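Geometric and topological summary
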Amino acid sequence: MNLIESLQIEAPCMTSDTTCIAKMNLGDFHKQPQGYLNGGATLAFAEIISGMMSNELIGPDKFGVGQSVTANHLRPVRCEGALTAHGTLLVKGKTSHVWRFDMLDDAERLISQVTVTLAIVDFDR
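The structure presented is a predicted model; accordingly, all values stated were derived computationally and were not measured.

To continue, consider the UniProt feature "domain: Thioesterase" (unreviewed entry) in the protein. Sites flagged by UniProt as "domain: Thioesterase" (unreviewed entry) map to residues 34-110. For the annotated span residues 34-110, helix accounts for 25% and strand for 43% of the residues, and the straight-line distance between the end C-alpha atoms is 20 Å.

Dropping the structure here:
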């Protein structure tokens, strides 16, 4: 089992040339001991989907790797239902991409805002 499967991330999709949406179904794996969503799971979710989406936008000879992740966790949420990420590609450079994600709970409340910078590197075969 890989991290994508463990985090229960559904296949993200591009909704335009610069936006995407993804969903992470929440369960016991994502909980802090107090029963709330662990912020680390939110960060991993953002880094994974930013890489997946950037890889759709670049050629097969390159891929995106996480370089920096920053977040503001704005509201605690019980670990149930799903977390939906609405992503916007802020920078699409030759050597880096920057994504911003608004993380929403099932009631569409803003839980976290996460920014991910990816380095675009050559795929060495």
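Right, let's talk about the nonpolar core for a bit. Taken as a class, soluble globular proteins show a tendency for nonpolar side chains to be buried jointly. Met 24, Phe 45, Leu 83, Phe 101 and Met 103 are the most contacted members of the largest nonpolar core, which has 25 residues in total. Of all the secondary structure elements, the ones that give two or more residues to this core are strand E2 (19-25), helix H2 (39-57), strand E4 (82-92), strand E5 (96-104) and strand E6 (110-122). The element best represented in this core is H2, accounting for six residues. Non-local contacts of Leu 83, meaning those with residues more than four positions away in its chain, are made with Ala 22, Lys 23, Met 24, Leu 26, Leu 37, Thr 42, Phe 45, Met 103, Leu 104, Asp 105 and Ile 111.

This part is about the pairing of E4. As defined by bridge partners, E2 adjoins E4 across seven bridges and the pair is classed as antiparallel. In the sheet register, Ala 22 faces E4, and the bridge partner there is Ala 85. In terms of strand pairing, E4 meets E5 through eight bridges, oriented antiparallel. Bridged to Thr 84 within E5 is Leu 104. Taking the residues between adjacent antiparallel strands as the criterion, E4 and E5 are bridged by three residues.

To continue, consider H2. For H2, built from 19 residues, the straight-helix expectation of 27 Å at 1.5 Å per residue is met to within 8% by its first-to-last C-alpha distance of 27 Å. Within H2, burial applies to Gly 39, Ala 41, Thr 42, Phe 45, Ala 46, Ile 48, Ile 49, Ser 50, Gly 51, Met 53 and Ser 54. With a side-chain oxygen positioned 2.7 Å from the backbone nitrogen of Gly 40, the residue opening H2 is Asn 38.

Analysis parameters
Residues numbered from 1 in each chain as written. Predicted model: local features only at pLDDT ≥ 70, side-chain atom pairs only at ≥ 80, totals over all residues. Heavy atoms only, no water. UniProt positions renumbered as here; feature names shortened; annotations may be inferred. Helix = DSSP H or I, 4+ residues; strand = E, 2+ residues; numbered from the N terminus. Core = buried A, V, L, I, M, F, W, Y, C linked by side-chain atoms within 4.5 Å. Buried < 20%, exposed > 50% of the residue type's maximum accessible area, 1.4 Å probe, protein only. Contact = heavy atoms within 4.5 Å. Pairing = 2+ DSSP bridges. Expected span 1.5 Å × (residues − 1). Polar contact = N/O pair within 3.5 Å; in protein donor to acceptor, adjacent residues only side chain to side chain.

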